[in-house]
Amino acid sequence: MEAVQAVRGMNDILPEQVGWWQGIETSAREVLESFGYREMRTPVAEKLELFARGIGESTDIVEKEMYAFEDRNGDWLALRPEATASIVRSYIQHALHAEGGCRKFYQIGPMFRHERPQKGRYRQFHQIDAEVFGLDSPMIDAEMMHMVGVLVDRIGITNVGLNINTLGCPGCRQVYREVLKKFLIEQGEGFCGDCLRRRDTNPLRVFDCKVQKCAELLESAPRLLDHICNDCRAHFDAVKDHLERLGTRYAVNPRIVRGLDYYMRTTFEVITDRLGSQSAIGGGGRYDGLVRDLGGPDVPAVGFAMGMERLVLLLEQEKERPLRSPFCFFASLGDQARAKAFVLAQQLRGRGLEAELDYEGRSLKSQMRRADKSGARYVLILGEDELARSEVQVRDMLTKTQRLLPLENILETLLTIDSQK
Ligand code: HAM
């Protein structure tokens, strides 16, 4: 019978790889919590309307990539393509703004986009996402980018770049939209169908286009950065000053528009040149109007998300795979010895240490091979003779030395030996 396969673009994370994931998650929790962020977990499915209103009807994500479906009640739902809209929904729904002041949240989990899968781009992928509500200050924009740098460093990735830009406020954007539209019209009909449509509906989205001829035509397009108002310029200058104060290196890249409609003012991307075309390992920015647009109070916000698959790909290039191995492997010969090993292994586990054993009565040679392969620090060898004399062989797998010790209180003895190393 033919075996069922996983859905294309949705991957298993196997035990050999999971060490990378756990390491990244631990680093993310440590770093984000030290900056005052607290974890939030929202459902993977939301009402479709949330993403349409939050991310924007004419974005690629909403137009082409959403896993949207009608459930059995006839409600239109979608698997979340990102976490920001969900966190904003939750922030409004639970009146998390009521306490006043600034609130910082993070979320780690799977997201879903129906994109064409390739290396670094999947249909189910995972993000580390962080959001701050209630701060206008350019300090928080800079702090967030600095924090991303700390996080990337803690995870153990080197050589990433930070690109920043400003998208201005709705006021300057309106001015720019007209300038851009005029440019697009002047260029004629050379653009792809999507871009021609976007020219009228949402001109800024032409910068998301992946078609080569569109990218070429857009090279001489006017830049938003040259059309921002004085307030937005002052905000952007202050963000840059703070970044310099923090020693965070950056480059201004006026081409960053981001693929989601909610951004205004600061936007940024964390990039690498080691993942081929999927060069963004993270991105984010300010989205001051979104909480209000989704039915909440007028609260400013900034956030970012990093793609965990891309972080894992980079780690694989740079580091040895992290392995987990038992503290002790119990090898035994004979039923009685095996039964004793079985009890000792549970006792060691009860103390929080990883223990492995042979359950099946294999030959000592095969057990030793398994112990070696497992990377166990110690092997306890219990044979019938040792058992009769209440003794046990303890093999230190690092020094390859072995000694005979009394079986009584063997776990305490082992722990004492280990603590003296
Ligand atoms: P985004 O740029 O769409 O932003 O996604 C953030 C990161 O998620 C990307 O830089 C990339 O590393 C990863 N990513 C996105 N799509 C895929 C995919 N199909 N496969 C693998 N990795 C992917 C957002 O999602 C915003 N919500 C970020 C944000 C938070 N802005 C404000 N707050």
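Residues numbered from 1 in each chain as written. Predicted model: local features only at pLDDT ≥ 70, side-chain atom pairs only at ≥ 80, totals over all residues. Heavy atoms only, no water.

Caption draft 1: Structural context of the site of the ligand. Around the ligand, the structure places 26 residues, and the nearest of them are Glu82, Thr84, Glu115, Glu131 and Tyr263. Residue Arg258 places a side-chain N or O atom 2.9 Å away from an oxygen atom belonging to the ligand. In this structure, Ala280 approaches the ligand through a main-chain N or O atom, which is 3.0 Å from an oxygen atom. For the ligand, the protein covers 95% of the area, taking 660 Å² as the surface of the free molecule. Sorting the residues of the shell around the ligand by element identifies β6 (124-133), β10 (280-286) and β11 (301-307) as the ones contributing at least two each. The leading source of residues in the shell around the ligand is β10, at five residues. (Near = heavy atom within 4 Å. Polar contact = N/O pair within 3.5 Å; in protein donor to acceptor, adjacent residues only side chain to side chain. Areas by Shrake-Rupley, 256 points an atom, 1.4 Å probe, with all protein chains shown as cover. Helix = DSSP H or I, 4+ residues; strand = E, 2+ residues; numbered from the N terminus.)

Caption draft 2: How the structure looks around unusual backbone geometry. Here the phi dihedral of Arg258 falls at roughly 70 degrees; this positive angle occurs in a residue that is not glycine. Along the chain, Arg258 turns up in the loop between β8 (251-252) and β9 (266-271). Owing to a relative accessible area of 14%, Arg258 belongs among the buried residues under this scheme. (Buried < 20%, exposed > 50% of the residue type's maximum accessible area, 1.4 Å probe, protein only.)

Caption draft 3: Structural detail: the environment of Asp60. With respect to the helices, strands and loops of the structure, Asp60 is situated in helix α3 (residues 60-64). Separated by 148 residues in the primary sequence, Asp60 and Asp208 place their C-alpha atoms 8.0 Å from one another. Excluding anything up to four places from it in sequence, Asp60 contacts Glu65, Arg198 and Lys210. (Contact = heavy atoms within 4.5 Å.)

Caption draft 4: Structural detail: the side chain of Ser86. Locating Ser86 in the fold gives a position in helix α4 (residues 84-93). Overall, Ser86 belongs to the buried group, its relative accessible area being 0%.

Caption draft 5: Focus on the sheet that holds strand β3 (residues 68-70). Taken together, three strands build an open sheet; the order of strands is β2-β4-β3 and the sheet is antiparallel. Every other strand in the sheet has two partners, leaving β2 (45-47) and β3 as the edge strands with one partner each. The mean angle between the axes of side-by-side strands here comes to 35 degrees, regardless of whether they run parallel or antiparallel. With three bridges connecting them, β2 and strand β4 (residues 76-79) associate as antiparallel partners. (Pairing = 2+ DSSP bridges. Axes fitted to C-alpha atoms, helices over the stretch in contact; angles between N-to-C directions.)

Caption draft 6: Summary view of the domain arrangement of the protein. Taken domain by domain, the protein consists of domain 1 (15-160 + 251-318) and domain 2 (328-416). Each of domain 1 and domain 2 was reduced to a C-alpha centroid, and the two centroids are 47 Å apart. (Domains from an automatic or database assignment.)

Caption draft 7: Fine view of the packing of aromatic side chains. Counted under the stated rule, the structure contains seven aromatic pairs. Centre to centre, the rings of Phe133 and Tyr287 are 6.4 Å apart; their planes meet at 85 degrees, and the pair counts as edge-to-face. Pair noted here: Phe133 is in strand β6 and Tyr287 is in the loop between β10 and α10 (290-293), with a separation of 154 residues, a long-range link. Overall, the relative accessible area of 1% leaves Tyr287 in the buried class. Their ring planes at 55 degrees and their centres at 5.4 Å tell us that Tyr262 and Tyr287 sit as a pair that is tilted. In this pair, Tyr262 sits in the loop between β8 and β9 while Tyr287 sits in the loop between β10 and α10, placing the two residues 25 residues apart along the sequence. On the basis of relative accessibility, which here comes to 8%, the residue Tyr262 falls in the buried class. Clustering of aromatic rings is evident, with ring pairs tying together Tyr91, Phe105, Phe133, Tyr262, Tyr263 and Tyr287. If you follow Arg377 out to its NZ or CZ, it ends over the ring of Tyr378, 4.8 Å from the centre. (Phe/Tyr/Trp six-rings, centres within 6.5 Å; stacked < 30°, edge-to-face > 60°. Lys NZ or Arg CZ within 6 Å of the ring centre and 35° of its normal.)

Caption draft 8: Examining the pattern of salt bridges more closely. Summed over all chains, the structure comprises 36 salt bridges. With a shortest N-O distance of 3.1 Å, Arg258 and Glu269 are connected by a salt bridge. A residue pair is termed long-range when its members are at least 10 positions apart, and Arg258 in the loop between β8 and β9 and Glu269 in strand β9 qualify at 11 residues. A salt bridge links Arg338 to Asp335; its shortest N-O distance comes to 3.5 Å. Here Asp335 and Arg338 lie together in helix α12 (residues 335-350), a separation of three residues that amounts to about one turn. Salt bridges sharing common partners tie together Asp60, Glu63, Lys64, Asp194, Arg197, Arg198 and Lys210. (Salt bridge = Lys/Arg side-chain N within 4 Å of Asp/Glu carboxyl O.)

Caption draft 9: Representation of the packing of helix α5 (residues 138-155) against helix α9 (residues 230-245). One can describe the packing of α5 onto α9 by two numbers: an axis separation of 8 Å at closest approach and a directional angle of 45 degrees. By the angle between their directions, the pair α5 and α9 is classed as oblique. Classified by chirality, the crossing of α9 by α5 is right-handed. Every residue of α9 that contacts α5 at Pro138, Met139, Asp141, Ala142 and Met145 is listed here: His235, Ala238, Val239, His242 and Leu243. For the contact of α5 with α9, the per-class residue count stands at seven nonpolar, two polar and one charged. (Parallel < 35°, antiparallel > 145°, perpendicular 65-115°, else oblique. Left-handed = near helix turned anticlockwise from the far one by under 90°. Nonpolar A, V, L, I, M, F, W, Y, C, P; charged D, E, K, R; others polar.)

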